[in-house]
Amino acid sequence: MQVEGLTFAGAGLYDSAVQSGAPIAFVDLSREAGDLPDMLLPPCPVIGIGAREHPLASRLDACLEPRFDAAQLVDAASAQPLAAAVVAQLLRLLPSLSIDDGLTAESLAYATLQGSEAHRRWIGARVTPDSPAAAGRVVLARGGDVMTVTLDRPAAGNAIDRTMRDELREAFVLAGIDRSISRIVLRGNGKAFCLGADLGEFGTTRDPAEAHRLRGLTLPAREAARCRDRFEVRIDGACIGAGLEIAAFAAHVAATRRSWFQLPELAMGILPGAGGCVSLSRRIGRQRALLMILSGRRFAAREALEWGLVDALVDDPA
């Protein structure tokens, strides 16, 4: 599909996009005179092209920014139209929800996509290693009033398996109970901070409703969010998927200049489901969160700093 054929006027946007079956819609803001109080957004993502200061811009799902290509967004949404639509609709809701309610909404949206044919196809096509990496662990160390939490599965790039997920949640529960801990510092052991959730564990819970129930009980995101005023992250190397989603809850994130960041979930037919839709939309805004998710592109450390994904670049993550 061509961008031109997916560009619609703001007036009648909903009907035009729905009737065309568009997986993504664009609005040329240079052609729009002003705000349209009655404008309705269609189910698919709606991207503005033009000045972000336009009265309509803040009402759209995102505005195209430098270093993003509209044609690539079309390709991504066309490849995964259901995931693109669900994540756009979720991000529209999140600003009106508390963190806890937002995480519930994110999990329900994730469950919807978890049961989709697109995600099942991705699971069937994924390549799994012949010799899976050993189970990971999370190492806690206390020095004075500082608790250091280390993701320790370097052979797998600190990909978070079930053991690490549970231990990470327990660490934040502990920090929430023990108010003598004034700082919680999260870091990774090895060349990568975190490569995200362990891909080999995707699809092990086949019932989306049961998976939603388990996420509510086991994901670290809720506990991390409750500690966010004391939560700091030190990133070195790759910070992907669930690793970035958890880190984005922190009050302060520092990264080395060789670090890079990515949310690759859309290509899997799902959305960031470890809290990232909530944490990223609060850290960088819902519109930029959508661009990250739709594009799936890598962000170098400098661009991450410009966007507010990280708060400082450092030479040493310690």
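Residues numbered from 1 in each chain as written. Predicted model: local features only at pLDDT ≥ 70, side-chain atom pairs only at ≥ 80, totals over all residues. Heavy atoms only, no water.

1. Quick word on the packing of aromatic side chains
Point 1. Enumeration over the complete set of coordinates arrives at 5 aromatic pairs.
Point 2. Residues Phe 172 and Phe 231 carry aromatic rings whose centres are separated by 5.0 Å and whose planes lie at 75° to one another, so their mutual orientation is edge-to-face. In this pair, Phe 172 sits in helix H6 (residues 162-177) while Phe 231 sits in strand S7 (residues 231-235), placing the two residues 59 residues apart along the sequence.
Point 3. Just above the ring of Phe 68 sits the side chain of Arg 297; from NZ or CZ to the centre is 4.8 Å.
Point 4. The ring of Trp 260 has Arg 298 sitting right over it, with the charged end atom 3.7 Å from the ring centre. (Phe/Tyr/Trp six-rings, centres within 6.5 Å; stacked < 30°, edge-to-face > 60°. Helix = DSSP H or I, 4+ residues; strand = E, 2+ residues; numbered from the N terminus. Lys NZ or Arg CZ within 6 Å of the ring centre and 35° of its normal.)

2. So, the pattern of salt bridges
Point 1. As enumerated under the stated definition, the model contains 24 salt bridges in all.
Point 2. Between Glu 306 and Arg 67 there is a salt bridge, with the nearest N and O atoms lying 2.9 Å from each other. One end of the pair, Glu 306, is in helix H12 (residues 301-307); the other, Arg 67, is in the loop between strand S3 (62-63) and helix H2 (70-79), with 239 residues separating them in the sequence.
Point 3. Judged by its relative accessible area of 51%, Arg 67 falls in the exposed class.
Point 4. Salt-bridge contacts for Arg 142 lead to Asp 178; the nearest nitrogen and oxygen are separated by 3.2 Å. Remark: Asp 178 occurs in the loop between H6 and strand S6 (183-188) and Arg 142 occurs in strand S4 (residues 137-143); sequence separation between them is 36 residues. (Salt bridge = Lys/Arg side-chain N within 4 Å of Asp/Glu carboxyl O. Buried < 20%, exposed > 50% of the residue type's maximum accessible area, 1.4 Å probe, protein only.)

3. Considering empty space enclosed by the protein
Point 1. The final tally for this structure, using the stated rule, is 1 cavity of 30 Å³ or more.
Point 2. By volume, the largest cavity amounts to about 80 Å³.
Point 3. Every residue lining the largest cavity is listed: Leu 103, Glu 106, Ser 107, Arg 215, Gly 216, Leu 219, Ala 221, Arg 222 and Gly 273.
Point 4. Looking at the lining of the largest cavity, the elements that each hand over two or more residues are helix H4 (99-114), helix H7 (208-218) and helix H8 (221-226).
Point 5. With 3 residues, H4 is the largest single contributor of residues to the lining of the largest cavity.
Point 6. Each residue belonging to the lining of the largest cavity can be placed in one class, and the counts come to 3 nonpolar, 3 polar and 3 charged. (1 Å grid on protein atoms, 1.4 Å probe; cavity = no way out; pocket = protein on both sides within 12 Å on 5 of 7 lines; lining within 4 Å. Points joined across faces, edges and corners; volume = space filled by probe spheres on them. Nonpolar A, V, L, I, M, F, W, Y, C, P; charged D, E, K, R; others polar.)

4. What about the layout of surface pockets?
Point 1. Its boundaries defined by the atoms lining it, the largest pocket holds a volume of some 1,200 Å³.
Point 2. Together, 47 residues line the largest pocket, and Ile 160, Ala 197, Asp 198, Glu 201 and Phe 202 are the ones closest to its centre.
Point 3. Sorting the residues of the lining of the largest pocket by element identifies H4, helix H5 (117-125), H6, H7 and helix H9 (242-247) as the ones contributing at least two each.
Point 4. Sort the elements by how many residues they give to the lining of the largest pocket and H7 lands first, with 4 residues.
Point 5. Considering only residue class, the lining of the largest pocket consists of 25 nonpolar, 12 polar and 10 charged.

5. Digging into the packing of H4 against H7
Point 1. Running from N to C, H4 and H7 point in directions that differ by 150°, and their axes come no closer than 9 Å. By the angle between their axes, H4 is roughly antiparallel relative to H7. The chirality of how H4 crosses H7 is right-handed. Here H4 contributes Thr 104, Ser 107, Leu 108, Tyr 110, Ala 111 and Gln 114 to the contact with H7, which in turn contributes Pro 208, Ala 211, His 212 and Arg 215. (Axes fitted to C-alpha atoms, helices over the stretch in contact; angles between N-to-C directions. Parallel < 35°, antiparallel > 145°, perpendicular 65-115°, else oblique. Left-handed = near helix turned anticlockwise from the far one by under 90°. Contact = heavy atoms within 4.5 Å.)

6. Digging into a nonpolar patch on the surface
Point 1. A cluster of nonpolar residues, Tyr 14, Val 18 and Leu 40, forms a patch on the protein surface that exposes about 280 Å² of accessible area.
Point 2. You can call Tyr 14 partly exposed: its relative accessible area is 35%. (Patch = residues over 30% accessible without salt bridge, like charges linked within 9 Å, V, L, I, M, F, W, Y side chains within 5 Å. Areas by Shrake-Rupley, 256 points an atom, 1.4 Å probe, with all protein chains shown as cover.)

7. What about the side chain of Glu 265?
Point 1. Inspection of the secondary structure assignment puts Glu 265 in the loop between strand S10 (260-262) and helix H10 (276-284).
Point 2. The buried charged residue Glu 265 lacks any salt bridge partner; its closest oppositely charged side chain belongs to Arg 215, at an N-O distance of 12 Å.
Point 3. Leaving out residues up to four positions away in the same chain, Glu 265 has contacts with Gly 241, Ala 242, Glu 245, Ile 270, Leu 271 and Pro 272. (Lys, Arg positive; Asp, Glu negative; His and termini not counted.)

8. Brief notes about the pairing of strand S9 (residues 252-256)
Point 1. Most of S9 is tucked away: 4 of the 5 residues are buried.
Point 2. The pairing of S7 with S9 spans 4 bridges and is parallel. Its bridge partner lying in S9, Arg 234 is registered against Ala 254.
Point 3. In terms of strand pairing, S9 meets strand S12 (residues 312-314) through 3 bridges, oriented parallel. Looking at the pairing, Ala 255 lines up with Leu 313 of S12. (Pairing = 2+ DSSP bridges.)

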